[in-house]
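Examining the three-dimensional arrangement
Each chain, written out:
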Protein chains: 2
Amino acid sequence: MNKINIKYLAKELNLAISTVSRALRDSHEISPETKEKVFALAKRLNYQPNANASGLRAQETKMIAVVIPDMVNDFFSLVISGIEKVTQAQGYHILLYFTHGDHALEVSFINTLVNGRVDGVLLSITDESNDNEHLAQLNDKGIPLVLFDRVSERMDNVKVTSDNYESAITATKHLIDTGCKKIAYLKVDKSIPVGNIRKNGYLQALKKYSKQKTPLVVECPNNNDEAFAAIHNMLLAEKPDGIFASVEKLAVICYRVCEQANVKIPEDIKVISFSNLQTAALLNPSLTTITQPAFEIGETAARELLRIIRKKGSAKGDVVLQSRLIERKSTFRG
Amino acid sequence: MNKINIKYLAKELNLAISTVSRALRDSHEISPETKEKVFALAKRLNYQPNANASGLRAQETKMIAVVIPDMVNDFFSLVISGIEKVTQAQGYHILLYFTHGDHALEVSFINTLVNGRVDGVLLSITDESNDNEHLAQLNDKGIPLVLFDRVSERMDNVKVTSDNYESAITATKHLIDTGCKKIAYLKVDKSIPVGNIRKNGYLQALKKYSKQKTPLVVECPNNNDEAFAAIHNMLLAEKPDGIFASVEKLAVICYRVCEQANVKIPEDIKVISFSNLQTAALLNPSLTTITQPAFEIGETAARELLRIIRKKGSAKGDVVLQSRLIERKSTFRG
DNA sequence: CTGTTAGCGCTTTCAA
DNA sequence: TTGAAAGCGCTAACAG
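Quick caveat: nothing in here was measured; it's all calculated off a predicted structure. (Residues numbered from 1 in each chain as written. Chains lettered and ligands numbered in written order. Predicted model: local features only at pLDDT ≥ 70, side-chain atom pairs only at ≥ 80, totals over all residues. Heavy atoms only, no water.)

Laying chain A over chain B is done by rotating through 180° and shifting 0.0 Å along the axis; what remains is an RMSD of 0.0 Å. Those values place the two copies in the arrangement expected of a two-fold rotation axis. Interface overlap between copies: 100% of the residues of chain A at the interface are likewise at the interface in chain B, consistent with a symmetric, same-surface contact. (Least-squares fit on C-alpha atoms with pLDDT ≥ 70 in both. Contact = heavy atoms within 4.5 Å.)

Pasting the structure below:
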């Protein structure tokens, strides 16, 4: 249980500490034979440099923080996977923080990060309406920050998002184009900001491409039974011929509602849904989905962050990634 | 963009570096007035101790590594949430690593962790049949390790698991008790070890509680269409009256298969499924699920790890958490 | 109660 | 080509 550090290697080999250090970094001013010896011993003892010491010395940690609302969510799971792919390839480590939608927690996390714990921060902000002094702190301290998905217009950092507004238009228009005259929008719980953005796309599409006068927005709470009831009531009262679900779970509930009400998909009613994991799509061969490029958002955000860390230049600019509409004529040979 | 460190605070206040350090740690040997001054300035400048320096000095990092196969998976998402709850409450940070089922990656991650990057490791091992020299390394270096979910019998670390075998028996017995005479088991892709454990529970329950002579094990590949076909073929050929799905996704596919084949759930066939996020349960009021305590596994594993880190005593012992069977007589007033 | 100093493990001048 | 030594920021032993 001896500590395997440079000092120990040096003593074992009768070399100076600095020589060993240089050898390990493959410096050109060390003779091949010495390098050989050092490498051999280091390997044999599985020498690993002490991260704290290197970090302290070099003022960099090879770690980035990822701060997200939470994890029980297909979208963020996929984003993290994308981030991980990039950071892993470039030798960076991920520190993970959940804000649970609590702005105060976000502030406290960011505060602990301003003094050299990480080389950069990837953040999906908790409360877009709130102040962002804490983020300004990061900029002050020269710690690169890239925002993704939930961004703040008031920050001029690099932002990576997807086209929620435009793709909601696309989705709605798709229903219109396939003949729907009365389209309802299933809006996810108000705690999820994207529900509003997508609603705006829905409204815009109705105005622009449809004769439908009154929008049909169903507020669906997080509670499944309440959401079921809300959709069920709307279905019976309004008899729409098209439904646009803002998130995958609502499409699943909607599917069940239709079954209950003896409404056939897609004969009586067409359904389109945002979807990340495509579980809903397993249900019905005719369910068309619109998929956010979650994994790519993660990859892109991470790539941007590492780029900025490297250049030490806090570049600006936004990246907007496109969602994809997936039409299923027949899955599982229906 | 001045560096806010103890030295800087000391200079500003005309105090010695050590005095400031002690004041910040609220040492009893510092006068209240001095403390006051130090606290005030530290707060005003948002002083945050340099994690590398503290870590180097104290030989501890307040970070733990979480190493899992991947993240696009309800189970591990929930586990991480549980881990996060505990670590966050106790001031620890999470370093996240994905092995993607690659044993070599796992080895390489663990190797980078042996030299003081983290205070402890939470691991769900990638390949249970493989060697675990790398884990022995951790023990050698005195870095606490807690295994969860996918554990190795050959290691004598603390292990936190759930009762996959027993709960598979419970699930199968539940079908038998409700009158099923011919029960099929939908086995998840062979890359998922738990598919086999649960199969053994299924077999055991048949032997012990049922007259059913031949088990019906359907091998379901990861590919949805192939899984659909496998289940569909079995359904037509064997006409079982009960189905036990080893994972939630297979229950969803099975649901669709039944619909295709015009087989009614639960009138013609009873279905029970392992399920973490209960998406499948939204589908059918009569779907009974068996739920792993994923969140609790995370909490427990983290709690055990932090306990060991604190005591510096590598305690042993296993924790097995119980799955819960959830019977739904009627959801969504069917 | 406060200051001086050594040292955690590493990298990097500066010297030899 | 190698060695000696300083210093990254922090804490704690020792001294006053």
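Once you've had a look at it, read on.
In the vicinity of DNA strand D lie 28 residues, with A16(A), T19(A), I6(B), Y47(B) and R57(B) positioned nearest. Taking the atoms of DNA strand D that fall within 4 Å of the protein, sugar and phosphate contribute 63% of them. At 3.2 Å, a backbone N or O of N50(B) approaches a phosphate oxygen of DNA strand D. When residues of the surface near DNA strand D are traced back to their parent elements, those giving at least two are helix 2 (17-24) and helix 4 (51-58) of chain A together with helix 1 (6-13), helix 2 (17-24) and helix 4 (51-58) of chain B. Element by element, the count of residues in the surface near DNA strand D is highest for helix 2 of chain B, at 4 residues. Its residues placed into classes, the surface near DNA strand D shows 9 nonpolar, 11 polar and 8 charged. (Near = heavy atom within 4 Å. Polar contact = N/O pair within 3.5 Å; in protein donor to acceptor, adjacent residues only side chain to side chain. Helix = DSSP H or I, 4+ residues; strand = E, 2+ residues; numbered from the N terminus. Nonpolar A, V, L, I, M, F, W, Y, C, P; charged D, E, K, R; others polar.)

Quick look at the pairing of strand 4 (residues 145-148) of chain B now. Remark: a regular strand shows side chains that alternate across the two faces of the sheet. Residue and element names in this part refer to chain B. Because side chains alternate across strand 4, one face comprises the buried residues L145 and L147, and the other comprises V146 and F148, equally buried. Where strand 3 (residues 120-123) meets strand 4, 3 bridges bridge the pair, whose relative direction is parallel. Pairing of L122 across the sheet is with V146, part of strand 4. Crossover connection from strand 3 via helix 7 (residues 133-140) to parallel strand 4: handedness right-handed. Bridge count for strand 4 against strand 5 (residues 158-162) is 3 bridges, and the pairing is parallel. Its bridge partner lying in strand 5, L147 is registered against K159. (Buried < 20%, exposed > 50% of the residue type's maximum accessible area, 1.4 Å probe, protein only. Pairing = 2+ DSSP bridges. Right-handed = clockwise from strand over helix to strand, strands pointing away.)

Residue and element names in this part refer to chain A. Backbone torsion omega between I265 and P266 reads 5°, so that peptide bond is classified as cis. Considering the arrangement of structural elements, one finds P266 in the loop between helix 11 (248-260) and strand 9 (270-274). For N46, which is not glycine, the phi dihedral falls at a positive 50°. Judged by its relative accessible area of 12%, N46 falls in the buried class. At Q59, a residue that is not glycine, the phi angle is positive and equals roughly 55°. Summarising the element assignment, Q59 is placed in the loop between helix 4 and strand 1 (63-68).

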